[in-house]
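# Topology and contacts: notes
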Amino acid sequence: MATNSNRKIVEKYRVETECVNQLAELQYALTVPSRFSAQMQARNVDLLDVFHVMKHGQVVSSGMRDRAGLWVVRGILLDGESLDVTLTFRFSELHVELLDLA
Amino acid sequence: MSKKLHGGADVNVIAAFHAVDLGAPFRVILNDCIVAKIDSETGEMLDYTIPDFEGLVRTVVMARLVNERKLNGAELKYLRKATGIKQVQLAQVLDCQPEHLSKVESGKHPLSPTAEKVARLFLFKAAAKHHKMPESEEKTMLDNLLDQVFSGLKPVAAFDAEELEFQFFLKPASVGAANDDEETGAHEPQHCAWSKELMVACG
């Protein structure tokens, strides 16, 4: 049941996932709120993990925020941990902003 | 350089930004390229923007790999992670068990000089996206050159890798591209490339 649900989500956001995975290979600018430094250290993750999720993860939720795409990207890190990254995307400016980590 | 924003914040370009959030086991300093939003009242940094993040990660990896300081376990793990290589993949390349590589990365076992050379070359090629190059004479020449570079590299042992520091700058890829933007006033992303101007190894 859960697998079917996951498949549906993967299919629903297939285009968004493709966009994020492709963008991760481009010259995009990344904005990071300073408050995340402590949060990332506490969770033992860093910006490389965010990068990895963008490159290999899947979009599981999509919305808008200040005329930018607001997407939650879920990925499995190299050590097997799962990480959800909430990001806003302005594709025309090649700009990504980190909003949340879970 | 400072610019006022609505909502009580200033935008500044940071002269020397220590990129702690990159998680590197050595110091990464980004010069004159990080734009930070600063709270006007408290002076606290609200957020910061790294241009060409993907390029920065690859440049940091390559800078460390060509540095002669011997790689420690934490650095090897970091460089592997930055290039998106799984432990089992690197173990296969180094012809060892993943368990052994795990011990090397946690500092329990040293990395042999031969394995270090193989790891450096493999990770460098991964960072340089070598696999995306089409088979050609140029690629063969590049392979030979990289083999020579990493065969000739003599890693120097060090006890405190935290003292290793790399400084990076962002340079426009070409003058023509920068002028085009000025003339048109377009707010398109400027094509820039990371460059390592200075490398400091203290101690």
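Residues numbered from 1 in each chain as written. Chains lettered and ligands numbered in written order. Predicted model: local features only at pLDDT ≥ 70, side-chain atom pairs only at ≥ 80, totals over all residues.

## A short note on the overall build of chain B
Helix and strand content of chain B: seven helices and six strands. Sorting the 203 residues of chain B into buried and exposed places 28% on the buried side. In chain B, the proportion of contacts linking residues at least 24 apart, taken out of those at least 6 apart, comes to 64%. (Helix = DSSP H or I, 4+ residues; strand = E, 2+ residues; numbered from the N terminus. Buried ≥ 20, exposed ≤ 12 C-beta atoms within 10 Å, placed from the backbone. Contact = placed C-beta atoms within 7 Å.)

## Quick notes on the overall build of chain A
The number of helices and strands found in chain A is four helices and five strands. Across chain A, helices and strands are ordered from the amino to the carboxyl terminus as α-α-β-α-α-β-β-β-β. The C-alpha radius of gyration computed for chain A amounts to 13 Å, which stays within 12% of the reference 13 Å derived for 102 residues, consistent with globular compactness. Taken along the three principal axes of its C-alpha coordinates, chain A extends 40 × 35 × 25 Å. Looking at chain A as a whole, 29% of its 102 residues are labelled buried. A sequence separation of at least 24 residues applies to 48% of the contacts in chain A between residues at least 6 apart. (Rg over C-alpha atoms; globule rule 2.2 N^0.38 Å.)

## Describing helix 5 (residues 113-127) of chain B
Residues and elements named next belong to chain B. For helix 5, built from 15 residues, the straight-helix expectation of 21 Å at 1.5 Å per residue is met to within 8% by its first-to-last C-alpha distance of 21 Å. The inward-facing, buried residues of helix 5 contact helix 1 (53-66), helix 2 (73-82), helix 3 (87-93) and helix 6 (137-152). Lys-129 sits one or two positions beyond helix 5 and adopts a positive phi of about 55°. (Expected span 1.5 Å × (residues − 1).)

## Section: helix 2 of chain B
Along an α-helix, residues three or four positions apart point the same way, because every turn accommodates 3.6 residues. With respect to burial, helix 2 of chain B is a largely interior element, nine of its ten residues being buried. Turning to helix 2 of chain B, its buried residues number three or more, namely Gly-73, Glu-75, Leu-76, Lys-77, Tyr-78, Leu-79, Arg-80, Lys-81 and Ala-82 of chain B. Tucked into the core, helix 2 of chain B has its buried residues touching helix 4 (47-56) of chain A together with helix 1, helix 3, helix 4 (98-105) and helix 5 of chain B. Gly-84 of chain B lies just past helix 2 of chain B and shows a positive phi near 70°.

## Points about the environment of Asn-12 of chain B
Counting through the fold element by element, Asn-12 of chain B comes out in strand 2 (residues 9-18). Once the C-alpha coordinates of Asn-12 of chain B and Pro-25 of chain B are considered, the two residues, 13 residues apart in sequence, prove to be 27 Å apart.

## Overview of the interface of chain B and chain A
Interfaces are often sized by the amount of accessible area the parts lose when they come together. Residue-level contacts link 21 residues of chain B with 22 residues of chain A. Among the elements of the structure, strand 4 (45-50), helix 1 and helix 2 of chain B are those that each provide at least two residues to the side of chain B that touches chain A. In the side of chain B that touches chain A, the residues fall into eleven nonpolar, four polar and six charged. Direction of pairing for strand 1 (residues 29-33) of chain A relative to strand 4 of chain B: antiparallel, over a ladder of four bridges. Directly across from Val-32 of chain A, in strand 4 of chain B, lies its bridge partner Tyr-48 of chain B. (Nonpolar A, V, L, I, M, F, W, Y, C, P; charged D, E, K, R; others polar. Pairing = 2+ DSSP bridges.)

## Looking at the pairing of strand 1 of chain A
Residue and element names in this part refer to chain A. Residues Leu-30 and Val-32 line the buried face of strand 1, whereas the alternating positions Ala-29, Thr-31 and Pro-33 sit on a face that is not buried. Examined bridge by bridge, strand 1 and strand 5 (residues 95-101) share three bridges and lie parallel to one another. Each bridged residue has a counterpart across the sheet, and for Ala-29 the counterpart in strand 5 is His-95.

## A word on unusual backbone geometry
All names here are of chain B. With phi around 55°, Asp-95 is a residue other than glycine that occupies positive phi space. Here Asp-95 lies in the loop between helix 3 and helix 4. In this structure, Lys-129 is a non-glycine residue whose phi angle is positive, near 55°. For Lys-129, the location among the structural elements is in the loop between helix 5 and helix 6. With 11 C-beta atoms packed within 10 Å, Lys-129 lands in the exposed category.

## Topic: the environment of Val-156 of chain B
Residue and element names in this part refer to chain B. Along the chain, Val-156 turns up in the loop between helix 6 and strand 5 (164-172). Classification of Val-156 by C-beta neighbours within 10 Å gives exposed; the count is 10. Leaving out residues up to four positions away in the same chain, Val-156 has contacts with Glu-68, Arg-69 and Lys-70.

## A few points about the confidence of the model for chain A
Residues at a pLDDT of 70 or more form 98% of chain A, whose mean pLDDT is 91. Ranking the helices and strands of chain A by mean pLDDT puts strand 1 of chain A first, with 97, and helix 1 (residues 2-12) of chain A last, with 80. (pLDDT = per-residue confidence, 0-100.)

## Brief notes about the nonpolar core
Side chains of a nonpolar character, in soluble globular proteins, are inclined to be buried together. One finds Phe-51 and Val-73 of chain A together with Val-28, Val-57, Val-60, Val-61 and Leu-123 of chain B to be the most contacted residues of the largest nonpolar core, which totals 60 residues. The dominant element in this core, judged by the number of residues it contributes, is helix 5 of chain B, at eight residues. Mapping this core onto the domain boundaries places at least three of its residues in each of domain 1 (1-51 + 165-203) and domain 2 (70-157) of chain B. Beyond its immediate chain neighbours, meaning those up to four positions away, Val-73 of chain A contacts Val-20, Val-53, Met-54, Gly-57, Gln-58, Val-59, Val-85 and Leu-87 of chain A. (Core = buried A, V, L, I, M, F, W, Y, C linked by C-beta atoms within 7 Å. Domains from an automatic or database assignment.)

## Let's talk about the environment of Ala-36 of chain B
Residues and elements named next belong to chain B. Relative to the assigned elements, Ala-36 resides in strand 3 (residues 27-39). Owing to 18 C-beta atoms within 10 Å, Ala-36 belongs among the partly exposed residues under this scheme. Ala-36 sits 83 residues away from Ala-119 along the chain, and the two C-alpha atoms are 36 Å apart. Leaving out residues up to four positions away in the same chain, Ala-36 has contacts with Asn-12, Ile-14, Met-45 and Tyr-48.

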